Protein chains: 6
Amino acid sequence: MKDFEFYLAPVAPTIFGRKGRAEDGVVVFGVPFDSSSSRMPGQRFAPRRIREVSVELETFSPSLGVSVEELSFYDAGDLPVVTDYVVMQELVAKVVGGLSEAGKLPVALGGDHSITLPIVAKLVEKLGKLLVVVFDAHMDLRDEWPWGVRFSHATVMRRLLEASEKISIAYYSPRAFSEEEYRYAKSSSRIHVLESVEKLKDVVGSSSPVYISLDIDSVDPAFAPGTGTPEPMGLTPREAVTALRTVIEQAGEVVGFDVVEVNPLVDCNDITSLLAAKLVMEFLFWFHSRK
Amino acid sequence: MKDFEFYLAPVAPTIFGRKGRAEDGVVVFGVPFDSSSSRMPGQRFAPRRIREVSVELETFSPSLGVSVEELSFYDAGDLPVVTDYVVMQELVAKVVGGLSEAGKLPVALGGDHSITLPIVAKLVEKLGKLLVVVFDAHMDLRDEWPWGVRFSHATVMRRLLEASEKISIAYYSPRAFSEEEYRYAKSSSRIHVLESVEKLKDVVGSSSPVYISLDIDSVDPAFAPGTGTPEPMGLTPREAVTALRTVIEQAGEVVGFDVVEVNPLVDCNDITSLLAAKLVMEFLFWFHSRK
Amino acid sequence: MKDFEFYLAPVAPTIFGRKGRAEDGVVVFGVPFDSSSSRMPGQRFAPRRIREVSVELETFSPSLGVSVEELSFYDAGDLPVVTDYVVMQELVAKVVGGLSEAGKLPVALGGDHSITLPIVAKLVEKLGKLLVVVFDAHMDLRDEWPWGVRFSHATVMRRLLEASEKISIAYYSPRAFSEEEYRYAKSSSRIHVLESVEKLKDVVGSSSPVYISLDIDSVDPAFAPGTGTPEPMGLTPREAVTALRTVIEQAGEVVGFDVVEVNPLVDCNDITSLLAAKLVMEFLFWFHSRK
Amino acid sequence: MKDFEFYLAPVAPTIFGRKGRAEDGVVVFGVPFDSSSSRMPGQRFAPRRIREVSVELETFSPSLGVSVEELSFYDAGDLPVVTDYVVMQELVAKVVGGLSEAGKLPVALGGDHSITLPIVAKLVEKLGKLLVVVFDAHMDLRDEWPWGVRFSHATVMRRLLEASEKISIAYYSPRAFSEEEYRYAKSSSRIHVLESVEKLKDVVGSSSPVYISLDIDSVDPAFAPGTGTPEPMGLTPREAVTALRTVIEQAGEVVGFDVVEVNPLVDCNDITSLLAAKLVMEFLFWFHSRK
Amino acid sequence: MKDFEFYLAPVAPTIFGRKGRAEDGVVVFGVPFDSSSSRMPGQRFAPRRIREVSVELETFSPSLGVSVEELSFYDAGDLPVVTDYVVMQELVAKVVGGLSEAGKLPVALGGDHSITLPIVAKLVEKLGKLLVVVFDAHMDLRDEWPWGVRFSHATVMRRLLEASEKISIAYYSPRAFSEEEYRYAKSSSRIHVLESVEKLKDVVGSSSPVYISLDIDSVDPAFAPGTGTPEPMGLTPREAVTALRTVIEQAGEVVGFDVVEVNPLVDCNDITSLLAAKLVMEFLFWFHSRK
Amino acid sequence: MKDFEFYLAPVAPTIFGRKGRAEDGVVVFGVPFDSSSSRMPGQRFAPRRIREVSVELETFSPSLGVSVEELSFYDAGDLPVVTDYVVMQELVAKVVGGLSEAGKLPVALGGDHSITLPIVAKLVEKLGKLLVVVFDAHMDLRDEWPWGVRFSHATVMRRLLEASEKISIAYYSPRAFSEEEYRYAKSSSRIHVLESVEKLKDVVGSSSPVYISLDIDSVDPAFAPGTGTPEPMGLTPREAVTALRTVIEQAGEVVGFDVVEVNPLVDCNDITSLLAAKLVMEFLFWFHSRK
Ligand SMILES: [Mn+2]
Ligand SMILES: [Mn+2]
Ligand SMILES: [Mn+2]
Ligand SMILES: [Mn+2]
Ligand SMILES: [Mn+2]
Ligand SMILES: [Mn+2]
Ligand SMILES: [Mn+2]
Ligand SMILES: [Mn+2]
Ligand SMILES: [Mn+2]
Ligand SMILES: [Mn+2]
Ligand SMILES: [Mn+2]
Ligand SMILES: [Mn+2]
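Residues numbered from 1 in each chain as written. Chains lettered and ligands numbered in written order. Predicted model: local features only at pLDDT ≥ 70, side-chain atom pairs only at ≥ 80, totals over all residues. Heavy atoms only, no water.

An unreviewed UniProt entry lists chain A under the name Agmatinase, with Infirmifilum lucidum given as the organism. The Sequence similarities (unreviewed entry) comment attached to chain A in UniProt states, word for word, "Belongs to the arginase family. Agmatinase subfamily." (UniProt positions renumbered as here; feature names shortened; annotations may be inferred.)

Pasting the structure below:
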């Protein structure tokens, strides 16, 4: 058992039905946490469900000529379900710290969006600067939400920017704003709002390293109904994949990835979990093809 | 208010979490009626559910630079659930009559499509003529449906045309016809069937005033599954919003709006109610920007 | 009120459809909190759902010859949904403190079982001692659950006993124990485990005042499936009502009541919410008949 | 029949998988009507669903030594779904009139409870008097419910008593009353409220003929969750069967039977429809054994 | 028919509410079989559900000027539900053999995809060669799946190619491959993989006769969530209809059609069954217009 | 890895959250098979779901003074999902054969009831005779069901009696019979039908060894709705536990146990899976206390 696995429990089935090898450089792990979800909890069930449905996906990529079975990754299991934000934060920091020291790239399965804070905060410690590319219908830039709560999925990007001056954020096609968030974003030189793949290419190409955080509600509710706060008029899955691939290909370095806000409790035949699994597979394929 | 109530809110989300002011000119109200729904009842639950989920939508429009909080509207609440068509008709007529006298514009949350009849029939009393723009997969022009029933959501437009010579109807992109309805529509000079936004612009631009009735089944079932009679191959939400905006911008006068046939009983994670709330928000934004 | 509102009702069913009068001595309020629920969140939806379905219950008690409409209580509404345990605790303490000062009896609609801690902790401040009668499948006496978490619905009674030496607990027919909890209960002179109505009568009759906390999972999952941690082989609703009535009748004084752990997300046709509403009604009837 | 149809069966399960013979004296038919249901519509789906699940029930009665296949009944099919109370009433009256003239005994599958009015009103025309034995959590004696509506499932027994002086009603173990209904029942010499099988035996034994109307909400929601207005603390299925059998055995004559208020939309794995089918089977068995 | 049956309809919706005439050349029948479905069974419920919802679709085609009521087809009903692959295969072979001899064209409603094997194997007996056009996310070319199982929905096309040298397969836009299947397809001269309507036109136009097998998972999960193995990033319904129409118009001869893998157990408001019904209607319309 | 584990894959979480030790004498394993289920498939999901919910059950038995953690058992995982009856039978026979040779007692989690055949058929090979005690609403004694199918969950006990003369069956309180089955049971000297715990005690006490097969539909649908063919008027969970305990205590030897027909697809909040897990726990406790 590796150090970073101390807090993780095995989950079976594993992602794409493959445990992988402990020596591989990409490590997939789950953070079944939803106690900061303001509308509809249930994201705690996502890591296990994404793995369960992932074994139904076919694994060969004709364009790359490679199968998932040949990719280099390791499924390290899940953190325990905890209900306290502080405890979750500590556990995630310990796991990501361990991965960091071991030179591994974290791929996290949320959980609500609040899990991105401890992951990125830990990663940035060892970096000079970091661009976080965010796929999300929302900006998650509130100062407090819900009433009186400072740490939640709706404030995570605000907290992230406060956590370190080294972090900047590039949003891809957000579409739902409170006035407060919109004005905050406009006024900050560390926030980019990008509406096209070309802009995305520009910003990512000139920044490095890059962390990618994908809130599944960036995709339209028709394709991803199983999420905490669905918002009409989102991306199609093809648009999401194209943009994701662009980031992976253009970034000087990719240091981590998460897929968050999948909520199996309110999904329809697991199509949201399946899409999340597919997006993880796409990440692995395109990350593999970087080399 | 008692001291101990300081932190307590009444259990009643209003639309977008805002009651509004009684003096405002746009009045939102619900008609929780589904006793004329021929396939799948449950539309009675829509007004409350649309309000509940509406508070999850972000409220700032970057393109207009305005927030919902600044718009002028008043949420007047719901009619009681009644099960008798005649009683519903009387209650709606009284409400719309009162609004009319007070110079208010009604925005109704259905209920099945039959609620449009008493609204429009009352409004037209004070008008010289009226164009009803209908977004619907269907034409609702049957003479009798189901067996022996003359007042239902499937006959509402036929009854409307009979109610007053002053009414004409413009359908935007209907896609499901009985032969009877199709021939009836073709033979009537008071019915327009419009397949493009350009045609819509033409017809609306030269008619006035305009009432807009939006059956949510005009949108494709992937985006709006929670409805009484979903029909494949409908509009995308973006297409619906574009056409809705066109009508609001082009009309000489807009005298009312309804969103009908949302059925929360058979929805998936309330995405249909969310879309309906978003369409009401779009109406309010574009109606606001007319001024 | 405007003319046109004559037929419109605000969208907000109060408990049993009755707001009550602010001067009445019993105050019903909701605590929509579930961020400490270890298995299945969704209890945040209970206060609103219990009210919604409560209006379907008939309100006349032939045995008492009185209707709910004649009872003395006031529905004060709900706390906001918050996701942070500390914030919830503060808000509850302020509400219960206010009620206490005003001489009101609190009836709380949970929320997960953790909400009982701030209620009782606040109430006991003004009392010499307090017996908490607990209906629950479980003992909620763990020291830490889940992993690393000290404040949750699984530790609430342990924290309560620690909060004040003045508190003792009488469990009615618990049926699911960890060994740790069982030994802890056995070793504490402040914990009673009662298996019969007779025992309940004895203990309650000789203690005063009494607070009643009813975890809906005390009832069998067949009758109350919509709960966070259903446990087979529980009470029938009649057994629960008989025991509840016994406590109310036998207690020297009753200082508060809560119904917790109803989870509408995983219920079947709201039968659990209906049962919870019925239990609140029974409480109000029997509390009324004490006088 | 074409050759290729040899292995094909028409898609239409009849009750217990048996069409029966047109000359048989008991006729089963469905009334898929729910437009007078005040809380939760969906009873229109009951007749078809009850038949579908009925084919899963085993058909041999060891105590009677007879199989359903040997019983005398005919499944005549369903009325069309109509949404107008007046139309439904006319259609039911025609069917029951036809059955009456042909000397057949009607067994009706509802639909909401309002369907009992036209059935019984038609039957009583040819009778000197009629006792209606009602299994129901409620009394359905309101004068108007919902607001402004005189014909609904909540007023059906009031309308029935008004329809003919020859009708009296015996309720078996009702448990939910408005004060208005309770006082009305107490003041009427044509209403009996019976709390035990012995009382039932007395009243039924001395009255004749008897019609039986079974609202599935008489059974506890645990056993029959799929109904419009579930009410806690009802009969067990065994208690219901015992009472039903008592009525059939003790009545001088049985002239009809209905099972109403099954709502498949809000059921759990069709257990309510299965129970309804079983109750129809019990009726047929015990009616058969009278001879 | 007895008098009292005048208003009663048998409980059995046929496809589009029309039994058709036995002498018509197109015969629709259902195969409610799902015992070879590897992930999510429930396809056995599709034939009945597709018929039930099909009666909600409007039936007039303005572009063809014809109604479904004028088309020539006969709904022959369903095979019994059987659970054994061998028994299903025998029954289907007998039905298709009978149809073949009578000169009828089979339109089959699955069931899982395994039902295509006995249909096509029987049809090809009388033909010199046969092109099977397959709409499917997958290739169904595995040699064994699940573990140890040679006859299943995942191996059906492999078995079909083995069944007769006369069969070749044209896949339209498959998108999920195992490496084994992909290499097998590439190495076989009897397999075409077509990515555009133009290619489809070429291949179909030069082959004859043609059988069309449409696995509903070819359509994107947003539009067709109710299926056994949904796979992200599929066709839109319009793309599917366009391609289907192309095949029907271009083929020298069309000898059969099936729609498979609809799973009503995991659908959302039956939108997948509705789409399947619509696709059958489109087949009938375009097949009619060939003549 | 033990021999018998060759075909089994690990499942996490394990039953009651405990893998156990390979040297322990009781081995729990799952058979996720439902391809012979005649009404409602989904039993393939039971083994994993029962384990998932089992970790929510408290583990201390006050009456025995022992915790599940101290019991001797090993969770060996699940067979792969296969869809072919013959393949399932072979795999089960290999696993049970391996267990038998290793002197282990099998505890199987179904799957539909057909899985009992290969288990018992293998066990009886090494025994002189075997009494199978069956808890079931049904007798499963049909010769063929569905149409043409000889191996299914409805014929399993018939096939078992044919498999070996050494087997006899004792049914506890069956309640649903076809006439064929009832007469077959009455005519066979190897079949006992027992209606009381006393009779059960007599028959079990004088027979040895004993295998116990518990079809969850023996319990009433209110308590166990999630099953393939729910049948009204069954056992309460307490009655089931009492009878199960009686068999374990009275039997000279217990050689195996299975819990079958749990169907998570059609359950309500997993209460049926929870009950099944509880029954396995009860088996382990009472089996432990035999020693
Ligand atoms: Mn987010
Ligand atoms: Mn978001
Ligand atoms: Mn309409
Ligand atoms: Mn429509
Ligand atoms: Mn508790
Ligand atoms: Mn509890
Ligand atoms: Mn009733
Ligand atoms: Mn009732
Ligand atoms: Mn396929
Ligand atoms: Mn496929
Ligand atoms: Mn069985
Ligand atoms: Mn059974």
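### Digging into the overall build of chain A
Looking only at helices and strands, chain A has eight helices and 10 strands in total. With the C-alpha coordinates aligned to their principal axes, the bounding extent of chain A is approximately 45 × 40 × 40 Å. Considering chain A as a whole, with its 291 residues, one finds that 70% of them fall into the buried category. A separation of at least 24 residues holds for 78% of the contacts in chain A among residues at least 6 apart in sequence. Carbon and sulfur atoms form 49% of the exposed surface of chain A, whose accessible area is close to 8900 Å². One finds the centroid of the 30 positive side-chain charges in chain A at a distance of 4 Å from the centroid of its 41 negative side-chain charges. (Helix = DSSP H or I, 4+ residues; strand = E, 2+ residues; numbered from the N terminus. Buried < 20%, exposed > 50% of the residue type's maximum accessible area, 1.4 Å probe, protein only. Contact = heavy atoms within 4.5 Å. Areas by Shrake-Rupley, 256 points an atom, 1.4 Å probe, with all protein chains shown as cover. Lys, Arg positive; Asp, Glu negative; His and termini not counted. Charge placed at Lys NZ, Arg CZ, Asp CG, Glu CD.)

### A look at the pairing of strand β4 (residues 74-78) of chain F
Residue and element names in this part refer to chain F. β4 sits mainly inside the fold: five of its five residues count as buried. Examined bridge by bridge, strand β1 (residues 26-31) and β4 share four bridges and lie parallel to one another. Among the inter-strand pairings, V28 is bridged to a residue of β4, identified as D75. (Pairing = 2+ DSSP bridges.)

### As for the coordination of the manganese ion (ligand 11)
Residue and element names in this part refer to chain F. Protein coordination at the manganese ion (ligand 11): the donors are H113 (ND1), D136 (OD), D140 (OD) and D215 (OD), at 2.1 to 2.2 Å from the metal. Between the manganese ion (ligand 11) and the manganese ion (ligand 12), both coordinated by D136, there is a metal-metal distance of 3.3 Å. With H113 in the loop between β5 (105-110) and α3 (116-125) and D136 in the loop between β6 (130-135) and α4 (156-163), this residue pair connects regions lying 23 residues apart in the sequence. Given the relative accessible area of 0%, H113 is considered buried. (Donors = N, O, S within 2.8 Å, 3.2 Å for Na, K, Ca; no water.)

### Some thoughts on the interface of chain C and chain D
With 22 residues of chain C at the interface, the matching set in chain D holds 27 residues. In total, about 2000 Å² of surface goes out of reach between chain C and chain D, with carbon and sulfur atoms giving 62% of it. When the area that chain C buries against chain D is broken down by residue, the three leading residues are E58, F60 and N269 of chain C, summing to 33%. Counting the contacts that link chain C with chain D gives three salt bridges. With a shortest N-O distance of 3.4 Å, K278 of chain C and E231 of chain D are connected by a salt bridge. Our enumeration of links across chain C and chain D arrives at 10 residue pairs in polar contact (both at pLDDT 80 or more). Among the elements of the structure, α7 (237-250) and α8 (271-290) of chain C are those that each provide at least two residues to the side of chain C that touches chain D. A per-element tally of the side of chain C that touches chain D places α8 of chain C first, with four residues. Grouping the amino acids of the side of chain C that touches chain D by side-chain chemistry returns 12 nonpolar, four polar and six charged. (Buried area = accessible area lost by both parts, 1.4 Å probe. Salt bridge = Lys/Arg side-chain N within 4 Å of Asp/Glu carboxyl O. Polar contact = N/O pair within 3.5 Å; in protein donor to acceptor, adjacent residues only side chain to side chain. Nonpolar A, V, L, I, M, F, W, Y, C, P; charged D, E, K, R; others polar.)

### Brief notes about the pattern of salt bridges
Within the structure shown, the criterion is met by 106 salt bridges over all chains. Here R159 of chain E ties to D143 of chain E by a salt bridge, and the two come within 2.6 Å at their closest N and O atoms. Of the two residues, R159 of chain E is situated in helix α4 (residues 156-163) and D143 of chain E in the loop between β6 (130-135) and α4; the sequence distance between them amounts to 16 residues. According to the relative accessible area criterion, R159 of chain E is buried, its value standing at 5%. Classification of D143 of chain E by relative accessible area gives partly exposed; the value is 25%. Here R49 of chain F makes a salt bridge to D270 of chain F, at a shortest N to O gap of 2.8 Å. Note that R49 of chain F is positioned in helix α1 (residues 46-54) and D270 of chain F in the loop between β10 (254-260) and α8 (271-290), a separation of 221 residues in sequence.

### A short note on the sheet that holds strand β1 (residues 26-31) of chain B
All names here are of chain B. Strand order in the open sheet made by the eight strands is β4-β1-β5-β10-β9-β6-β7-β8, with parallel pairing throughout. Edge positions in the sheet fall to β4 (74-78) and β8 (191-194), since each has one partner strand and no second. Strand-to-strand twist in this sheet, taken as the mean axis angle between neighbours without regard to direction, amounts to 15°. With six bridges connecting them, strand β6 (residues 130-135) and strand β7 (residues 167-172) associate as parallel partners. By the bridge assignment, F135 is partnered in β7 with Y172. Packed onto the sheet, helix α3 (residues 116-125) meets β5 (105-110), β6, β7, β9 (210-215) and β10 (254-260) and runs at close to 180° relative to β9. In the packing of helix α4 (residues 156-163) onto the sheet, contacts are made with β6, β7, β8 and β9, and the angle to β7 comes to roughly 150°. (Axes fitted to C-alpha atoms, helices over the stretch in contact; angles between N-to-C directions.)

### Description of the packing of aromatic side chains
Residues and elements named next belong to chain C. Per the stated rule, a full pass over the model turns up 54 aromatic pairs over all chains. Centroid distance F257 to F283: 4.4 Å. Interplanar angle 10°. Geometry classified as stacked. Here the residue F257 occupies a position in strand β10 (residues 254-260), and F283 occupies one in helix α8, the gap between them amounting to 26 residues. Looking at F257, the relative accessible area reads 0%, which means it is buried. Taking 5.6 Å as the distance between ring centres and 15° as the angle between the ring planes, the aromatic pair formed by F283 and F287 counts as stacked. Here F287 and F283 lie together in helix α8, a separation of four residues that amounts to about one turn. Using a relative accessible area of 0% as the deciding quantity, one classes F283 as buried. (Phe/Tyr/Trp six-rings, centres within 6.5 Å; stacked < 30°, edge-to-face > 60°.)

### Let's talk about the coordination of the manganese ion (ligand 1)
Residue and element names in this part refer to chain A. Taken together, the protein ligands of the manganese ion (ligand 1) are H113 (ND1), D136 (OD), D140 (OD) and D215 (OD), with distances of 2.1 to 2.2 Å. Summarised as a motif, the one-chain spacing of the donors to the manganese ion (ligand 1) is H-x22-D-x3-D-x74-D. The metal-metal distance between the manganese ion (ligand 1) and the manganese ion (ligand 2) is 3.3 Å, with D136 coordinating both. With D136 in the loop between β6 (130-135) and α4 (156-163) and D215 in strand β9 (residues 210-215), this pair connects stretches of sequence that are 79 residues apart.

### Here we look at the sheet that holds strand β8 (residues 191-194) of chain C
Residue and element names in this part refer to chain C. Strand order in the open sheet made by the eight strands is β4-β1-β5-β10-β9-β6-β7-β8, with parallel pairing throughout. At either end of the open sheet lies a strand with only one pairing partner, and these are β4 (74-78) and β8. Shown here is a sheet whose adjacent strand axes are inclined to one another by a mean of 15°, direction ignored. For strand β1 (residues 26-31) and strand β5 (residues 105-110), the ladder comprises six bridges, and the chain directions are parallel. In the sheet register, F29 faces β5, and the bridge partner there is A108. Running at roughly 140° to β4, helix α1 (residues 46-54) makes contact with β1, β4 and β5 of the sheet.

### Describing helix α3 (residues 116-124) of chain C
In terms of residue burial, α3 of chain C counts as a mostly covered element, since seven of its nine residues are buried. The set of residues buried in α3 of chain C consists of T116, L117, P118, I119, V120, L123 and V124 of chain C.

### Some remarks on the side chain of S164 of chain B
The topology assignment puts S164 of chain B in the loop between α4 and β7. For S164 of chain B, the contacting residues outside a window of four places in its chain are V124 and R190 of chain B.

### Notes on the relation of the copies chain C and chain D
Take chain C, turn it by 120°, move it 0.0 Å along the axis, and it overlays chain D with an RMSD of 0.0 Å. A rotation of that kind, with that shift, is consistent with a three-fold axis. By C-alpha distance to the rotation axis, the residue of chain C lying nearest is A222 of chain C, at 3.0 Å. (Least-squares fit on C-alpha atoms with pLDDT ≥ 70 in both.)

### Some remarks on the UniProt feature "binding site: Mn(2+)" (unreviewed entry) in chain A
The feature "binding site: Mn(2+)" (unreviewed entry), as annotated in UniProt, sits at H113, D136, H138, D140, D215 and D217 of chain A in this numbering. In three dimensions, the annotated residues from a span of 105 residues occupy one location, with a maximal C-alpha spread of 12.1 Å. If we skip the residues at most four places from it in the chain, H113 of chain A touches V134, D136, D140, H153, V156, M157, S213, D215, V260 and E261 of chain A. Note on placement: H138 of chain A falls in the loop between β6 and α4. Under the relative-accessibility criterion, H138 of chain A is labelled buried at 7%. Residue contacts for H138 of chain A: discarding those within four places in its chain leaves Y171, P174, A176, D217, T229 and E231 of chain A together with E58 of chain B.

### A short note on the side chain of R39 of chain D
Of note, R39 of chain D is situated in the loop between β1 (26-31) and α1 (46-54). Reaching out from R39 of chain D, the side chain makes a polar contact with the backbone oxygen of G228 of chain D at a distance of 2.5 Å. Once residues lying within four places of it in the same chain are set aside, the contact partners of R39 of chain D are R44 and F45 of chain B, E56, N269 and D270 of chain C together with T227, G228, T229 and P230 of chain D.

### As for the arrangement of the chains
Structurally, chain C and chain E remain out of contact, their C-alpha atoms never closer than 17 Å. The two partners chain B and chain F share no contact, and the minimum distance between any of their C-alpha atoms is 17 Å.

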